[in-house]
Amino acid sequence: MAHDGGLSRELTTLRRGWGLETEGLLSRVGPLISGWCELHRAKNDREARRVLRAAIESAIEEFPLEDRLAVTIALCIEPGAQHSLLSDRVAVLMERLQVAERTARRRIDRACARLAAEIEASTHPERGEQDPDKGWFVKRLTAVVRLDTPVPTLIEERLIVATRDGLSRISAQFTVPRVEDGTDAERDVTADAQFGVRLGEPIRQGQRHFRWLLDLPRPLGAGEDHTYSLEYQVRDGRPIRPSYAFVPLVTCESFTVRVRFDPDHLPRAVWRLDKVPTSVLSDPPQPGEPLPLDGTAEVVQDFAAPQLGYAYGVQWLAGA
């Protein structure tokens, strides 16, 4: 389904007033444009302005000069066109192109329509399947690690937000870390959808890495959210590394982990993993500030805006 009408409306709103120089830019950008350039990653207006400017300049790179000028002047990007009113920027375009006001406005409308089509084409490719690893981010992840069950169990609940229209499939990944003695063997991991998604067959990637494709109940529109839950179990009976680490591969706004220990096998020490390089996860443990267990043999840790590619979670020293 085409959405260039919605994109054109969002671009029309964006070019009013100060354009990209407006205060509260993040709140002015519509969900289709925001999803196109993954603006949810921006932490403030300054960063949003930089991301938007770069995305727009890249999208119009092959436009004719007149169309490039029409877009950059209308959106208050072009040097010398920083005026608070669109009508004043139209006057700048009139002078640059030596055309009448009516012609300048038509050029802006045409160029912005072409930009909308370019965004549409890049967001909704006509051929091939959409990448299930893109077009969404995690607003909230809650993980519960159960070590008091017959096999190690992980329950994850995710609230995701679509950044493109028509999001119907996403992915999930799980890795069993290499055990501390360095030995490696094929691991047996099962996954079960608790609610919110239909789970595909596991895709084994090596001995310890697993990936699943998840079908959503219905396609999501850009800006829509959805909650689902998966349960993983390591069922091979072999030891696991005494840690749980979450490594964001897509943007995650907040993460909470709860580890429930077996009261008959309490750890000697528990500590927090916070922005740890993944390359050191397999190193010998280096205990940090100890975390106390509560009366249910549990520990809970919260993380705000974990960064892509780093590890966050909890590590412990097994009891005697």
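Up top is the structure.
Please read all numbers here as calculations on a predicted model, not as lab measurements.

Caption draft 1: Inspection of the overall build of the protein at higher detail. Within the protein one finds 7 helices and 13 strands. For 320 residues, the compact-globule estimate of 2.2 N^0.38 gives 20 Å, and the C-alpha radius of gyration of the protein, at 25 Å, exceeds that figure by more than 25%. Dimensions of the protein along its principal axes, counting C-alpha atoms only, are 85 × 40 × 30 Å. Counted over contacts in the protein with a minimum sequence separation of 6, partners at least 24 positions apart contribute 69%. A total accessible area of about 16,600 Å² is found for the protein, and carbon and sulfur atoms account for 49% of it. Where the 42 positive side-chain charges of the protein centre and where its 48 negative ones centre are 4 Å apart.

Caption draft 2: Representation of the environment of alanine 55 in the model. Within the secondary structure, alanine 55 sits in helix α4 (residues 45-59). By relative accessible area, which is 19% here, alanine 55 ends up buried. If near-sequence neighbours (up to four positions away) are discounted, alanine 55 is found in contact with Trp36 and Cys37.

Caption draft 3: Quick look at the pattern of salt bridges. Here the structure, examined in full by the defined rule, presents 20 salt bridges. Among the salt bridges present, the one from aspartate 133 reaches arginine 211, with a minimum N-O distance of 2.9 Å. Of this pair, aspartate 133 sits in the loop between α7 (101-123) and β1 (136-146) while arginine 211 sits in strand β7 (residues 209-220), placing them 78 residues apart in sequence. Accessibility expressed as a relative area gives 28% for aspartate 133, which makes it partly exposed. Measuring nitrogen to oxygen at the nearest pair gives 2.4 Å for the salt bridge that ties arginine 260 to glutamate 298. Taken together, the residues arginine 260 in strand β10 (residues 254-260) and glutamate 298 in strand β12 (residues 298-304) connect sequence positions 38 residues apart.

Caption draft 4: Looking closely at the side chain of glutamate 156. In this fold, glutamate 156 is placed in strand β2 (residues 153-162). Take glutamate 156: its relative accessible area is 6%, and that puts it in the buried class. In this view, glutamate 156 contacts Leu141, Thr142, Ala143, Tyr228, Ser229, Leu230, Tyr232 and Tyr244; residues no more than four positions away in its chain are not counted.

Caption draft 5: Representation of the sheet that holds β1 within the structure. Read from one edge of the open sheet, 6 strands run β4-β8-β2-β1-β10-β12, paired in mixed fashion. Of all strands in the sheet, those with a lone pairing partner are β4 (189-195) and β12, marking the two edges. Each strand of the sheet is rotated relative to its neighbour by a mean of 15°, with strand direction disregarded. Strand direction decides the pairing type here: β4 and strand β8 (residues 225-234), joined by 6 bridges, are antiparallel. From the neighbouring strand, alanine 191 faces β8, where its bridge partner is tyrosine 232.

Caption draft 6: Local environment of helix α5 (residues 65-74). With 7 of its 10 residues buried, α5 lies for the most part within the structure. The complete set of buried residues in α5 reads Asp67, Leu69, Ala70, Val71, Thr72, Ile73 and Ala74. Phi for cysteine 76, located one or two positions after α5, is positive at around 65°.

Caption draft 7: Looking closely at the packing of α5 against helix α6 (residues 86-97). Where α5 meets α6, the axes come as close as 9 Å, and the angle between the chain directions of the two elements is 155°. Judged by the angle between their axes, α5 and α6 are roughly antiparallel. When the axes of α5 and α6 are compared, the crossing they make is right-handed. Where α5 approaches α6, its residues Glu66, Leu69, Ala70, Ile73 and Ala74 are matched on the opposing element by Leu86, Arg89, Val92, Leu93, Arg96 and Leu97.

Conventions adopted
- Residues numbered from 1 in each chain as written.
- Predicted model: local features only at pLDDT ≥ 70, side-chain atom pairs only at ≥ 80, totals over all residues.
- Heavy atoms only, no water.
- Helix = DSSP H or I, 4+ residues; strand = E, 2+ residues; numbered from the N terminus.
- Rg over C-alpha atoms; globule rule 2.2 N^0.38 Å.
- Contact = heavy atoms within 4.5 Å.
- Areas by Shrake-Rupley, 256 points an atom, 1.4 Å probe, with all protein chains shown as cover.
- Lys, Arg positive; Asp, Glu negative; His and termini not counted.
- Charge placed at Lys NZ, Arg CZ, Asp CG, Glu CD.
- Buried < 20%, exposed > 50% of the residue type's maximum accessible area, 1.4 Å probe, protein only.
- Salt bridge = Lys/Arg side-chain N within 4 Å of Asp/Glu carboxyl O.
- Pairing = 2+ DSSP bridges.
- Axes fitted to C-alpha atoms, helices over the stretch in contact; angles between N-to-C directions.
- Parallel < 35°, antiparallel > 145°, perpendicular 65-115°, else oblique.
- Left-handed = near helix turned anticlockwise from the far one by under 90°.

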